[in-house]
Amino acid sequence: MNDDRSPPAPPSEASPAPAAASSGGRGKAAPLGPAAIAAKLNELGASARGLTSAEAAERLKKYGPNAIEAKDEPLWHKLFGYFWGPIPWMIEAAALISLLRADWADFIVVMGLLIYNAAVGFWQDAKAASALAALKKDLALKARAMRDGAWVSVDAGTVVPGDMIDVSGGEIVPADLLLVEGDYLSVDQAALTGESLPVSKKIGDSAFSGSIAKQGDMKGVATATGDATFFGRTAKLVASAGAKSHSQKAVVQIGDFLIILAVILAALLVSVQIYREMVVPDAWTWRTAGSILQFVLVLLVASVPVALPAVMSVTLALGALALSRQKAIVSRLSAIDELAGVDVLCSDKTGTLTQNRLTLSDPITFNGARPDDVIFAAALATQASSQDAIDQAVLKAVKDPGNLDHYRQTHFTPFDPVNKRTVATVTDSAGKSWQFAKGAPQAIAALAKLDPTTENAYDSKVHELAGHGYRALGAASSDDGGATWKLLGILPLLDPPRPDAKETIARTKALGLEVKMVTGDDVAIGAQIATQLGMGPNLLAASDVFPKGADPNHIPTDSITAVEKADGFGRVFPEHKYEIVKALQQGGHIVAMTGDGVNDSPALKQADCGVAVSGATDAARSAAAVILTAPGLSTIVSAIIESRRIFERINSYVYYRIAMTIAIMVVVVASSVVFNIRPLTAIMIVVLALLDDIPIMTIAYDRVRTASRPVRWDMHNILIFSILMGVMATLQSFGLVLVGMEWMSSPTLQAWLPLNHVHLQTALFLQLAAGGHMLLFVVRTRRSVFAPPYPSWELGSAVVLTQIVAVLLCAFGVLVTALPWTVIGLVWLYVIGWTILTDLVKLCYYRFGPPSRDAAAA
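Please read these numbers as outputs of a predicted model, since none were measured by experiment. (Residues numbered from 1 in each chain as written. Predicted model: local features only at pLDDT ≥ 70, side-chain atom pairs only at ≥ 80, totals over all residues. Heavy atoms only, no water.)

Here's the deal with a nonpolar patch on the surface
Working step 1: Taken together, Val 800, Leu 801, Ile 804, Leu 808, Phe 812, Val 814, Leu 815 and Trp 821 make up a surface patch of nonpolar side chains, about 810 Å² in accessible area.
Working step 2: Counting residues per element, the nonpolar patch draws most heavily on helix H27 (residues 793–812), which supplies 5 residues. (Patch = residues over 30% accessible without salt bridge, like charges linked within 9 Å, V, L, I, M, F, W, Y side chains within 5 Å. Areas by Shrake-Rupley, 256 points an atom, 1.4 Å probe, with all protein chains shown as cover. Salt bridge = Lys/Arg side-chain N within 4 Å of Asp/Glu carboxyl O. Helix = DSSP H or I, 4+ residues; strand = E, 2+ residues; numbered from the N terminus.)

The structure is reproduced here in structure tokens:
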């Protein structure tokens, strides 16, 4: 297009920026004038050329990093915490009683348990903290700063006073800025000032650290960083990383249940022991009372799930690191639970299901324009530096890019999801001003105020293109300052599906998820792509499902049903995404929603699992529970599979812990009440607790079978199955006590292998140590214990080493009465036999028992 030809044009300045809130928001001073700005730049030693790398490094040393100084808990305070609380108090009381009774062996072992629990808790908390620190590092904010005369992306933490910063829509303001260049910037500072609407900023205004740029693009000089910022803080993407997940809440409830059960049984044991040893013989002594109390305290310590919080935090933290290797970074640990339970995934089309690599076909012209005119007009409505896929396709299609140099862009209104168009004001070489617009067909049609005939022809072409999978981009021009607009034509753009998209959709459906397409494109375009990918052609226009002005908190039943049945939605605006999520949640679904723009934040926050896709804005990343660092839907699928594995590991621990607590408590109490014997010594119980906990720490690495459908916590079925396994474990242990009692009363058996009460105690100790870990192998899978997936080498080797230690303790009489090797072999044969029987009971339960709502792996 020659420069003397009447150029075409794009979206007008009809509304260059939302009026938003008044610029006189809370904490807002009057904008500075040119002289005051110049004085401030001089004071900061700043200029439009920004800083050099050397200057930035020097100022970073002087002012420190651009972050709020962390007030870490002192090390001594952390360590002290592991010796303070109900569980440590019980262990400490048992140790004190052992000391007062001069029972040095018990005292040493009980103190060993106390120190061990503190060491393990400290180590695991440190491991979880370092895992979260690594995730936070991956989520660090970025900023565009002028360094050495060029715009570069830097970590927000390295921004220093005097830096020239570029802020555009969707980004989080990295420091307190004095805005010095640009047309406008609409900023959401609600989290800082409480203002409900975005505030329009102009040159001379301040932008506060942590506020979110909604629209526009301005440059500003950093006036304060870190603790010195106006509000004394920066935006934190991982503010909720310590929030409790559903798993943590569920396991805490289970812990409370076990504690109550243990206390009830312990009270029964104390009552019987006091009656037998102190009331009936009328022989009250402090030593006897101390012995009873010591034994009960140790029994409670061994039965209560002491390792439960540590196992939970490490399993979730290591799971989060595993997800990061799948290119999915969790911003809070609860996201792992949410991902595992998601049953509906609402996915963006562009860039997630398609390649976001647009190619331009032959333009369709209107009003006498030529094809090159339409392309040239769209190019003039584009910023030359833009990296947007549509803009890149338009710029590459210009036959002679040099002609663009004859026009100087004097004003630019960027695309936003509401207006859906860009508008540029340009001046040609003759000094004449033009406006050019490009954008969504309906946005350009509204701008050009088409007559009915032209509108029908225009809409017909748009629908025809959509039916073949093309996106349509309208272009228009104005030569009277935007008062009137002339439609120039339509640019057909093709964004083909990603090569792996169809397979990924099939994998997602095989995992029990519904996938719904959510796109701002026309319904026909979305339906064409959805059909190609096997998602189904039933796409609805979002505005038809959610009429304007509808209350998203009270969605009609008809709308909920329509959303559930739809394969996707077209012509979606940001508020529609929020309403889609709300409708699905009101229908009882756990929803994941993808998004990338600042206007997607409400939907990402509302979703059970908001997913910021690769390349998302800082605002979208801060609102999301999961941030993807690789394009495409396959990353989400990998993250869902990994989350379900983590869920299964936690489930295995819960089953094991409940069952073993029931077994230990019931066997000890029943043996004492029925046979008037103490089946285990206090020192045995302490050692047993140590032997049980050590391999449990490796369950976070276990190899598990992934569930074939979404998983949710089902406390009803968890308790039924755990109690069943606890009954089997109890019968196994109590059965050994009965065999032992019979053995000791049989002259024939005694003649072959003489045993007494202390031998029976050691045999029961060995059986509980071996049987407990065999029970873990049984409950960790719904299949046979002899079928894959087999335990991981970490878990398997930890169990083997623990059992070797237990056998050696029993064989050589360390802390227990020595057992003959023959008895050790018989105990192991007994355990193996019961393990096979328990496994058969488990298989029958899963085949004939009540249907489980937790959807554990088959």
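We are not done yet, so read on.
Re the pattern of salt bridges
Working step 1: Counting across every chain of the model gives 15 salt bridges.
Working step 2: Close ionic contact of Asp 155 with Lys 142 constitutes a salt bridge, the shortest N to O distance being 2.5 Å. Placement of the pair is Asp 155 in strand S2 (residues 150–155) and Lys 142 in strand S1 (residues 142–147), with a sequence separation of 13 residues.
Working step 3: Owing to a relative accessible area of 36%, Asp 155 belongs among the partly exposed residues under this scheme. (Buried < 20%, exposed > 50% of the residue type's maximum accessible area, 1.4 Å probe, protein only.)

Section: the sheet that holds strand S19 (residues 568–570)
Working step 1: If you trace the 8 strands from one edge of the open sheet to the other, you get S8-S22-S21-S20-S9-S17-S19-S18, paired in mixed fashion. Of all strands in the sheet, those bounded by a partner on one side alone are strand S8 (328–330) and strand S18 (539–541). Adjacent strand axes in the sheet meet at a mean angle of 20° when their direction is disregarded.
Working step 2: Bridge count for strand S21 (residues 609–612) against strand S22 (residues 626–628) is 2 bridges, and the pairing is parallel. Pairing of Ala 612 across the sheet is with Ile 627, part of S22. (Pairing = 2+ DSSP bridges. Axes fitted to C-alpha atoms, helices over the stretch in contact; angles between N-to-C directions.)

Re the nonpolar core
Working step 1: Of all hydrophobic cores here, the largest spans 116 residues; its most connected members are Met 535, Cys 609, Val 626, Leu 680, Met 725 and Phe 765.
Working step 2: Counting residues per element, this core draws most heavily on helix H22 (residues 634–675), at 22 residues.
Working step 3: For Met 535, the contacting residues outside a window of four places in its chain are Leu 353, Ile 505, Lys 509, Val 515, Lys 516, Met 517, Ala 530 and Asp 567. (Core = buried A, V, L, I, M, F, W, Y, C linked by side-chain atoms within 4.5 Å. Contact = heavy atoms within 4.5 Å.)

Digging into the packing of H22 against helix H26 (residues 757–779)
The angle between the axes and the distance between the axes are what describe a pair of packed helices.
Working step 1: Between H22 and H26, the shortest axis-to-axis distance is 9 Å and the interhelical angle comes to 155°. Comparing the axis directions of H22 and H26 gives the class roughly antiparallel. The two elements H22 and H26 cross, and the hand of that crossing is right-handed. Contacts from Ser 652, Tyr 655, Tyr 656, Ala 659, Met 660, Ile 664 and Val 667 of H22 reach H26 at Leu 764, Leu 768, Gly 772, His 773, Leu 775, Leu 776 and Val 779.
Working step 2: When the residues that make up the contact of H22 with H26 are grouped by side-chain class, the tally is 11 nonpolar, 3 polar and no charged. (Parallel < 35°, antiparallel > 145°, perpendicular 65-115°, else oblique. Left-handed = near helix turned anticlockwise from the far one by under 90°. Nonpolar A, V, L, I, M, F, W, Y, C, P; charged D, E, K, R; others polar.)

A short note on the side chain of Thr 225
Working step 1: By the secondary structure assignment, Thr 225 is in the loop between strand S7 (212–224) and helix H7 (246–279).
Working step 2: Overall, the relative accessible area of 7% leaves Thr 225 in the buried class.
Working step 3: Each residue touching Thr 225, except ones within four places of it in the same chain, is listed here: Asn 66, Val 159, Val 160, Pro 161 and Ala 175.

Remarks on the confidence of the model for the protein chain
Working step 1: Chain-level statistics for the protein chain give a pLDDT mean of 80 and a share of 81% at 70 or above.
Working step 2: Overall, residues 233–243 carries pLDDT values under 50, and its contacts beyond four positions in sequence, including any with other chains, amount to 30 contacts.
Working step 3: In the predicted structure, residues 853–858 sits below a pLDDT of 50 and forms 29 contacts with residues beyond four places in sequence or in another chain. (pLDDT = per-residue confidence, 0-100.)

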